[in-house]
Amino acid sequence: MLTRNPKTKSSLQILQNSVKWHHMAHKVSSLFDAYSGLLSNESMILAVNSSFVDPLLQFESQLKIIESSFGMLVVMPSLDKVKEMGSNYEYIEDVENLYHNILNIYENILTTLVSKDLYKLQILKISVDAPCLGLLAAELSLLCSHEDPSIVQQASLGMCYLLYIAQCQNDIGTNKPTNGKSHSLQFPSCDVEFLPKEFQQDKSKIAQRVGQTLLPSLLTDFVRSLLMKVSSPDDKIASDAASILIFTLEFHAEKVTMVSKIVDAIYRQLCDNNCMKHVMLQVITLLTCTSPKKVIFQLMDYSVPADDTLIQMWQAAGSEVSVAPHVLKTILLILKGKPGEMEDTLTEGKRFSLDGTNLMPLAASQALCTFLPLGSYKKAVAQFFPQLLTTLIFQVFYSSELKPILKDRTLYAQDALRVLLNCSGLQQVDITLMKENFWDQLSEDLCYYHGVCFIAKTLSEYNFPQFPETLRYLYKLSVEGPRRSEDTVIIVIFLTELLNNFFQDPLPEEFLVLFTNWINDSNPVVSRLILHRIVHMSPIINKINGGIRSMAIQHFGQLVRDMGQYTWMVNDVVLEGLVPLILFLEDDDKRVAEACKYTLKICTSQLKWSTSRFLKDENYSFEMVVLNICNNLIISHRNHITDLTSDTLGFLWSSRTYLKRASVILIGYLAKSGGHLLLSDEIEVMLDVIERLLRDEDPMIKELAEITYDILKKIAHKLTSATLKQNFQKFLKLFYIKKLKPLYNYNSPNGQIDSPTDSKDIKNDKAL
């Protein structure tokens, strides 16, 4: 490094030397040219500074002079090379003096321009354009911790000058009022020792002052420069850079911009394994505290599945309790997307793409497997349980659609859903689903609404404590703006299943309004599905007006017909909906009764039962329909009789007379056809319920109840409490089938049902 001659030269000495060195011009012409040229430039700098020319023009011309002076320096030969041109001591001493004087003149020129002429910028009130301040501050901050005290002293003084310039930028940029005073930039003199000492060997103080003073863009340069220094092969530099970097982010992380690029730089350095890992991960933690959305979005933008490095960065991002809600909000925002789906700004629609940048929902699902079990996330997980549960159910079925393409990347949402259940005190729900082989079926071709229904039922069975907030969230989703069709279908299934399991009569009016809106949904799948679900909601259906009930029943039949090829699934759905279809044949509203006839024809045909002839208008009889259906149950689906009996008992509490009459008859036939499958305790419950109807105000109900009561008493008499004998009876009757005969001689008070003239779908259904 070239240094100044420690001996101070007066103007007279310089003039004397100029004359003395003139005789050397032929030997070291390059040095003499540089010396005379710099003297001329220095004079011009001073002359321009004393002129009345516009300050901006003064400054521009002086910069050109500086550039010219620098050009003179760089073409000079080295001092050692010049010394070789002479041999005597006097010559060498003269050359050294000339060389140092050239450097002194150049330094004087720079000092004049920087420390004496900077007032011009204040007069012009323009921005101090010093884009390198951040990088320079990083270099000086490291030198302030140098082992050489003289370097530390110079670096700390340089840091003072730099911060004054940065403060000038801030004041001008923010139009800070001057209270009538000029914007003069006053630099500290070298004899004011406390200012430089403030930064000597004090990394915390440097980080505080730099963070306070530098503009956000410059502070970002400062941080990024230190980040690169952490990878330095020099351990001292890497350690100092790491300390200053962490201090800076602890004090001023909120001012840092370009967070995504910093996160990406950290990822690449960690992958290269050439940096201090714990420092880099701590930087991720600090940045997440102030810019969670930027950090999380960047962390979700890498290839799926995540590698070990990325998982470590996820863990670092999730280590702070205070930031957990913001992280989960960001992930939920990402999970609103569908894997492979992109917004098409040209067509204002959606298109599918499977390049790596469009798989962020898969990455977010995988990230939840890391975030949710963290102790710092326990409270946030409880807070966002409904959103996480619903969103992950969406993602499970989005991913199943892309299974042939995504292959092993389809299970992340499923894994995250299981982690959520286990982190939310619902371990038994996960265990039950696992025992039922549910998770394995999800990876197969399981129809998504069947899967959603099963999840909701299992949650209900365990009376999950998050039910109130989950119901509120589902209702919120239901009344919000447009969604994907499959989202709406999932919401319909989930909501109606929860309502059916947790509510009895009456259903809150708000949900009835939702059902009405869904029935009129523009998507026919949504319309049919909600109507199908209404049929299953046996206690609730009583509160819905006749028009909606008839539409629900008709559309349920259409859904069964359209999905007839999925026998393995549809048959169970049909049997689950059989009880309300039978009972509502007796509805006071002819539209409902006729819709039940129409749908029963479809359903019994799906089950390969020959009941259509009993549903014709000319020979319709409610009792004969029930008798025929129960006979078919004995033959092909006797294992469902117990469930159907349980469903029917629920209608015995209805306030509608026709439903109680029909329920009493259906109970009797089901008991007669499947009594051997019932336990004595179950028979006792049924007897207790029917006994209450023996005192009913309606004489027909009393008469029908007496017949059913006798049937149950006979069954109870045959049963014994001996378990072995009871099981032996059931075993024998599995091989013995005896068809039922009419029991009630019941004629419907409603009389013959006429076909409505306003429903073409119900008449002459040729498909049957």
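Predicted model only: the values in this text are computed from it and were never measured.

Notes on the overall build of the protein chain
If you tally the helices and strands in the protein chain, you get 39 helices and two strands. The 768 residues of the protein chain split such that 52% are buried. Considering only contacts within the protein chain whose residues lie at least 6 apart along the sequence, 74% involve residues at least 24 apart. Of the roughly 37,300 Å² that the protein chain leaves accessible, carbon and sulfur atoms contribute 54%.

Considering a nonpolar patch on the surface
On the surface, Phe 70, Val 74 and Val 75 cluster together into a nonpolar patch covering about 310 Å² of accessible area. Tracing the sequence through the fold places Phe 70 in helix H3 (residues 55-74).

Regarding the pattern of salt bridges
Two side chains carrying opposite charge are able to pair once their charged atoms lie near each other. Applying the stated criterion across every chain yields a total of 10 salt bridges. Between Lys 660 and Asp 696 there is a salt bridge whose closest N-O contact spans 3.0 Å. Of this pair, Lys 660 sits in helix H36 (residues 657-674) while Asp 696 sits in the loop between helix H37 (680-693) and helix H38 (699-718); the two residues are 36 residues apart in sequence, bridging distant segments of the chain. Accessibility classification places Lys 660 together with Asp 696 in one group, the buried group. Each of Lys 203, Lys 236 and Asp 240 takes part in a single network of salt bridges with overlapping partners.

Notes on the confidence of the model for the protein chain
Interpretation of this model should avoid reading the predicted coordinates in detail wherever pLDDT is low. Summary statistics for the protein chain give a mean pLDDT of 78 and a share of 74% for residues scoring 70 or more. Segment residues 344-357: pLDDT under 50, and 25 contacts once partners within four positions in sequence are set aside and those in other chains are kept. Counting contacts from residues 752-768, a segment whose pLDDT is below 50, to residues more than four positions away or on other chains yields 32 contacts.

What about the packing of aromatic side chains?
Applying the stated criterion across every chain yields a total of 12 aromatic pairs. Between Tyr 267 and Tyr 302, the aromatic rings sit 4.3 Å apart at their centres with planes inclined by 35°, giving tilted as the arrangement. Separated by 35 residues along the polypeptide, Tyr 267 in helix H13 (residues 259-272) and Tyr 302 in the loop between helix H15 (292-299) and helix H16 (308-317) bring together distant segments of the chain. As far as the burial class goes, Tyr 267 and Tyr 302 line up, both buried. Ring geometry for Phe 622 versus Tyr 746: centroids 6.0 Å apart, planes at 75°, classification edge-to-face. Separated by 124 residues along the polypeptide, Phe 622 in helix H34 (residues 622-636) and Tyr 746 in the segment after helix H39 (723-733) bring together distant segments of the chain. Here the aromatic cluster, defined as three or more aromatic residues joined through ring pairs, consists of Phe 438, Trp 439 and Phe 454.

A word on H38
Look at H38: 29 Å from first C-alpha to last across 20 residues, which is about the 28 Å you get at 1.5 Å a residue. What H38 keeps buried is the set Ile 701, Leu 704, Ala 705, Thr 708, Tyr 709, Ile 711, Leu 712 and Ile 715. For H38, the angular spread of the buried residues around the axis is 165°, confining them to a single face. Residues of H38 that are exposed and point more than 90 degrees away from the buried face comprise Pro 699, Glu 703, Lys 714, His 717 and Lys 718. Where H38 is buried, its residues touch H36 and H37. By the N-cap criterion, in which a side-chain oxygen at the helix start approaches the backbone nitrogen of a residue two or three places on, H38 is capped by Asp 698, the distance to Met 700 being 3.0 Å.

Concerning the environment of Leu 559
Looking at the element boundaries, Leu 559 is found in helix H30 (residues 546-562). Among the residues examined, Leu 559 registers a relative accessible area of 16% and is labelled buried. Put simply, Leu 559 and Ile 602 are 43 residues apart on the chain and 9.8 Å apart in space, counted from C-alpha to C-alpha.

Remarks on a negative patch on the surface
Taken together, the side chains of Glu 147, Asp 148, Asp 234 and Asp 235 present a region of like negative charge at the surface. Summarising the element assignment, Glu 147 is placed in the loop between helix H7 (133-143) and helix H8 (149-173). Judged by relative accessible area, which is 68%, Glu 147 ranks as exposed.

Focus: the side chain of Asn 632
By the secondary structure assignment, Asn 632 is in helix H34. Among the polar contacts listed, one links the side chain of Asn 632 to the backbone oxygen of Asn 628, at a separation of 2.8 Å. Excluding residues within four positions of it along the chain, Asn 632 makes contact with Trp 609, Ser 610, Thr 611 and His 637.

Quick word on the environment of Leu 649
Locating Leu 649 in the fold gives a position in helix H35 (residues 641-651). On the accessibility criterion, Leu 649 (18% relative accessible area) is buried.

Description of the nonpolar core
In terms of nonpolar packing, the biggest core is built from 123 residues, with Leu 214, Leu 299, Met 300 and Met 313 touching the most fellow members. Non-local contacts of Leu 214, meaning those with residues more than four positions away in its chain, are made with Leu 133, Gly 134, Ala 137, Leu 162, Ala 166, Leu 219, Phe 222 and Lys 255.

Considering unusual backbone geometry
The step from Val 304 to Pro 305 runs through a cis peptide bond, and the omega angle for that step is 0°. Here Pro 305 lies in the loop between H15 and H16. Positive phi values are uncommon outside glycine, yet Met 258 reaches one of about 55°. With respect to the helices, strands and loops of the structure, Met 258 is situated in the loop between helix H12 (235-252) and H13. By relative accessible area, Met 258 is classed as partly exposed at 37%.

Here's the deal with helix H22 (residues 412-423)
Compared with an ideal rise of 1.5 Å per residue, which puts 12 residues at 16 Å, H22 spans 16 Å between its outermost C-alpha atoms and is within 8% of the ideal. Gly 425 lies just past H22 and shows a positive phi near 75°.

Comments concerning the side chain of Gln 269
Looking at where Gln 269 falls in the secondary structure, it is placed in helix H13. Given a relative accessible area of 9%, Gln 269 falls into the buried group. The contacts of Gln 269, once residues within four sequence positions are left out, are Leu 227, Met 228, Ser 231, Asn 274, Cys 275 and Met 280.

Considerations on the environment of Pro 386
Mapped onto the fold, Pro 386 is located in helix H20 (residues 385-401). Between the C-alpha atom of Pro 386 and that of Thr 470, which follows or precedes it by 84 residues, the distance is 4.7 Å. In contact with Pro 386, not counting residues within four places along its chain, are Glu 469, Thr 470 and Tyr 473.

Definitions and cut-offs
Residues numbered from 1 in each chain as written. Predicted model: local features only at pLDDT ≥ 70, side-chain atom pairs only at ≥ 80, totals over all residues. Heavy atoms only, no water. Helix = DSSP H or I, 4+ residues; strand = E, 2+ residues; numbered from the N terminus. Buried < 20%, exposed > 50% of the residue type's maximum accessible area, 1.4 Å probe, protein only. Contact = heavy atoms within 4.5 Å. Areas by Shrake-Rupley, 256 points an atom, 1.4 Å probe, with all protein chains shown as cover. Patch = residues over 30% accessible without salt bridge, like charges linked within 9 Å, V, L, I, M, F, W, Y side chains within 5 Å. Salt bridge = Lys/Arg side-chain N within 4 Å of Asp/Glu carboxyl O. pLDDT = per-residue confidence, 0-100. Phe/Tyr/Trp six-rings, centres within 6.5 Å; stacked < 30°, edge-to-face > 60°. Expected span 1.5 Å × (residues − 1). Arc of directions from axis to C-beta. Polar contact = N/O pair within 3.5 Å; in protein donor to acceptor, adjacent residues only side chain to side chain. Lys, Arg positive; Asp, Glu negative; His and termini not counted. Charge placed at Lys NZ, Arg CZ, Asp CG, Glu CD. Core = buried A, V, L, I, M, F, W, Y, C linked by side-chain atoms within 4.5 Å.

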